[in-house]
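So the chains spell out like this:
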Number of protein chains: 2
Amino acid sequence: MTRHDPIALREMLKTLFVEGGADTEVAEVTARVLVEGDLLGHHTHGTKLANGYLKDLAAGHASGDPGDLEITQTSAVAALYDGHYLLGPYLVQRALDQCREAAATFGIGMVSLKRSHHIACLAGYLQPLVEANLIPLILTSDPAVASVAPFGGLDRVYTPNPLAIGIPGREQPLLIDVSMSTITNGTVAKARAAGDTLPHPAILTGHGQASDDPEAYFAEPPGSILPLGELAFGHKGFALGLMVEALTSALSGFGRKDSPDGWGASVMVMVIDPSKFGGAEAFLDETDHVARQCQASRPADTERPVRLPGQAALARRRDALDHGLALPQDVVDSLRDAVQGSSLVGTTPFG
Amino acid sequence: MTRHDPIALREMLKTLFVEGGADTEVAEVTARVLVEGDLLGHHTHGTKLANGYLKDLAAGHASGDPGDLEITQTSAVAALYDGHYLLGPYLVQRALDQCREAAATFGIGMVSLKRSHHIACLAGYLQPLVEANLIPLILTSDPAVASVAPFGGLDRVYTPNPLAIGIPGREQPLLIDVSMSTITNGTVAKARAAGDTLPHPAILTGHGQASDDPEAYFAEPPGSILPLGELAFGHKGFALGLMVEALTSALSGFGRKDSPDGWGASVMVMVIDPSKFGGAEAFLDETDHVARQCQASRPADTERPVRLPGQAALARRRDALDHGLALPQDVVDSLRDAVQGSSLVGTTPFG
């Protein structure tokens, strides 16, 4: 597989977004966050998304104008953003920057963001804050989409609703990015396109049976994605999914009640500074201690030692920075498509 | 089953705690929170705990003196509490009151609490805040106990690590109280004592197999409680468990690295005010809308319609307030034990 230079890839995407009408800073941040997704190995939520973002910019479904962002500052630590469908990575990064500033004085900062365009890979935002010994927290839902059914029900109501949090540590920081459902919409679509079954029964068929067949999601009656905890403990995943719904859409004041359509996101962004609570040193000591205990836990399968959240992703990232970034064929194809019609044709590895 | 008057029960417990050496307000709050646990149907985390609290007060393992609470106020919205093992319900209620006050001005308030004594039923704190259209959030871990193994590992490292959050709604507020593991330590102990198998395989045996036998937890080599998501998606429950560890123990600066013993808790308390974000009315509209959609989802089992988090508990609470509180025999036995040796002997339904 060809390996790509992450910096060149970032520059290429930035140029494409600028040519697509985005402001320079919006283009730069969006390009960086998308490449970060691939660096961490989340190829469904990395540069593959650029083509769709560009199409939405061209169609007026996404904005690249930072002037569209409307900020209501309700206190020194709290703000409401109306994103007016600006590219999501720019909005989330702005929110993180603002929360970070508030946290430096108050220990915490929080932004509720409505009407964002898609926000890409949540894990891709965490590292710079974690390296500054801060705790970034990002929750999101998409009020225009319903793919998960409430526990005990058959009809889809809400989205996988991921939660991402970065935990500073000296030896091994933790990058957590998990949905409150068993799998995501992207995983279902990918398995279906490849004609694969899923590794686990993560779909609830329209008749209420667990299934590993992605086609069951698209059948008649339609299936749904099972909440985390599945048939036995899915009431917990359902409750956590509703928590994310409430802290994103309900808190922002814009959600399913407004029947939005198109690619969008409701987002909660928070930054917590441990130095305003029990202290940064004690925080790092405790993270290191617990991480070591986890890694010392005898593996159930001797071939597979315990892995901490983000450990594999950070290893992939280091490898990609050292040796170039390998991109799956579907990502390469999507980037090729994105480059067509731009000034870059003939100057990139993608055509 | 005899039904008890919740108010009389609260008064009885208050007297017992005062006779046990607790300050009047500490006794009152603790009694109220314990009865609230039973009202919501969480009998393992209700008044059954009183006897153990009283024993710890007598032995000096718990404090009933509010003067023991040490508050470090680091900003207008953030504080660190060192509880010095004061009875947990008093500490959590103090933290909630302080967060509520901060949230009224700033939209959010946050307290990190270390060295609390046991904090009882998390759901029992939520309702008064939810009824004021606020979002209370409580996370806790016990750094003195290890019962859950990291995903892929066999050795126990951390606790079930529950998260509770209240979501205001006009028609049906949501009371969420879920652990990041499949089941809690209490459920394992209860099934074992009754000689029952568990309803689902929630134990990982010391050989790495999922099991519904509570004895597998106590066997040699010892078992552990599976994280939420179990064998297929347990990496998510593991990540969420580590999140709660970090936001409780690590953030408070006191945790497993300090090798504590005895009944204790690290706690994070937060209150968010929707009126400082997208507005209370819009929040309530969205909660109602999503709740209605969930309840309209066709049930997989026609006998069992979709239930929202807290719906059954709130129905139980209403019934208990109207018709008296039914207590299981093990709770009655424990209360009888607690009453022995007090001035109340012969004046209560418990002896």
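What you see is a predicted model, and the numbers here were worked out from it, not measured in a lab. (Residues numbered from 1 in each chain as written. Chains lettered and ligands numbered in written order. Predicted model: local features only at pLDDT ≥ 70, side-chain atom pairs only at ≥ 80, totals over all residues. Heavy atoms only, no water.)

Turning our eyes to something else, we now look at the overall build of chain A. On a plain count of helices and strands, chain A comes out with 11 helices and 12 strands. Expected size for 351 residues packed as a compact globule is a radius of gyration near 20 Å; at 20 Å, chain A falls within 12% of this value. Along the first, second and third principal axes, the C-alpha atoms of chain A reach 55 × 55 × 45 Å. The buried share of chain A, taken over its 351 residues, is 59%. A total of about 12700 Å² of accessible surface is found on chain A, and carbon and sulfur atoms cover 49% of it. Here chain A contributes 26 positive and 41 negative side-chain charges, whose respective centroids are spaced 3 Å apart. (Helix = DSSP H or I, 4+ residues; strand = E, 2+ residues; numbered from the N terminus. Rg over C-alpha atoms; globule rule 2.2 N^0.38 Å. Buried < 20%, exposed > 50% of the residue type's maximum accessible area, 1.4 Å probe, protein only. Areas by Shrake-Rupley, 256 points an atom, 1.4 Å probe, with all protein chains shown as cover. Lys, Arg positive; Asp, Glu negative; His and termini not counted. Charge placed at Lys NZ, Arg CZ, Asp CG, Glu CD.)

Turning our attention to the pattern of salt bridges. Applying the stated criterion across every chain yields a total of 30 salt bridges over all chains. Notably, a salt bridge pairs Arg 192 of chain A with Glu 215 of chain A, separated by 3.3 Å at the nearest N-O pair. Linking Arg 192 of chain A in helix α6 (residues 185–194) with Glu 215 of chain A in helix α7 (residues 215–218), this pair joins segments that are 23 residues apart in sequence. Of the charged contacts, one joins Asp 337 of chain B and Lys 55 of chain B as a salt bridge, the two residues approaching to 3.7 Å between their closest N and O atoms. A residue pair is termed long-range when its members are at least 10 positions apart, and Asp 337 of chain B in helix α11 (residues 329–339) and Lys 55 of chain B in helix α3 (residues 50–59) qualify at 282 residues. Using a relative accessible area of 39% as the deciding quantity, one classes Asp 337 of chain B as partly exposed. (Salt bridge = Lys/Arg side-chain N within 4 Å of Asp/Glu carboxyl O.)

As a further point, take the sheet that holds strand β5 (residues 135–141) of chain A. All names here are of chain A. Read across the sheet, 7 strands follow the order β2-β3-β4-β11-β5-β6-β7 without closing on themselves; strand pairing throughout is mixed. Of all the strands in the sheet, just β2 (70–73) and β7 (174–179) have a single pairing partner and so form its edges. If you compare each strand with its neighbour and ignore which way they point, the axes differ by 10° on average. Strand direction decides the pairing type here: strand β6 (residues 162–167) and β7, joined by 6 bridges, are antiparallel. Looking at the pairing, Ala 164 lines up with Asp 177 of β7. (Pairing = 2+ DSSP bridges. Axes fitted to C-alpha atoms, helices over the stretch in contact; angles between N-to-C directions.)

Time to look at the interface of chain B and chain A. With 81 residues of chain B at the interface, the matching set in chain A holds 81 residues. Of the roughly 6900 Å² buried between chain B and chain A on both sides combined, carbon and sulfur atoms contribute 74%. One salt bridge connects Asp 155 of chain B with Arg 298 of chain A, and the closest N-O pair in it is separated by 2.7 Å. Our enumeration of links across chain B and chain A arrives at 28 residue pairs in polar contact (both at pLDDT 80 or more). Sorting the residues of the side of chain B that touches chain A by element identifies β3 (78–82), α4 (88–106), β4 (108–116), β6 (162–167), β7 (174–179), α8 (230–252), β11 (265–272) and α9 (280–296) of chain B as the ones contributing at least two each. Among the elements that make up the side of chain B that touches chain A, the one with the highest residue count is α8 of chain B (16 residues). (Contact = heavy atoms within 4.5 Å. Buried area = accessible area lost by both parts, 1.4 Å probe. Polar contact = N/O pair within 3.5 Å; in protein donor to acceptor, adjacent residues only side chain to side chain.)

All names here are of chain A. Counting through the fold element by element, Thr 47 comes out in the loop between α2 (24–39) and α3 (50–59). By relative accessible area, which is 0% here, Thr 47 ends up buried. Beyond its immediate chain neighbours, meaning those up to four positions away, Thr 47 contacts Leu 9, Leu 13, Leu 34, Val 35, Asp 38, Leu 327, Val 331 and Leu 335.

Relative placement of two packed helices is described by the angle separating their axes and the distance separating the axes. Residue and element names in this part refer to chain B. The geometry of helix α1 (residues 6–19) relative to α11 is characterised by a closest axis approach of 11 Å and an angle of 40° between their N-to-C directions. As far as their axial angle goes, α11 and α1 are oblique. Relative to α11, α1 is oriented so that their crossing is left-handed. Here Leu 9, Met 12, Leu 13 and Leu 16 of α1 lie close against α11, whose contacting residues are Leu 335, Ala 338 and Val 339. Of the residues that constitute the contact of α1 with α11, the class distribution is 7 nonpolar, no polar and no charged. (Parallel < 35°, antiparallel > 145°, perpendicular 65-115°, else oblique. Left-handed = near helix turned anticlockwise from the far one by under 90°. Nonpolar A, V, L, I, M, F, W, Y, C, P; charged D, E, K, R; others polar.)

Overlay of chain B on chain A (RMSD 0.0 Å): rotation 180°, translation along the axis 0.0 Å. The transformation just described matches what one would write down for a two-fold rotation axis. Every residue of chain B has its C-alpha some distance from the rotation axis, and the shortest such distance is that of Gly 229 of chain B, at 2.3 Å. Most of the interface of chain B is mirrored in chain A, where 100% of its interface residues again form contacts. (Least-squares fit on C-alpha atoms with pLDDT ≥ 70 in both.)

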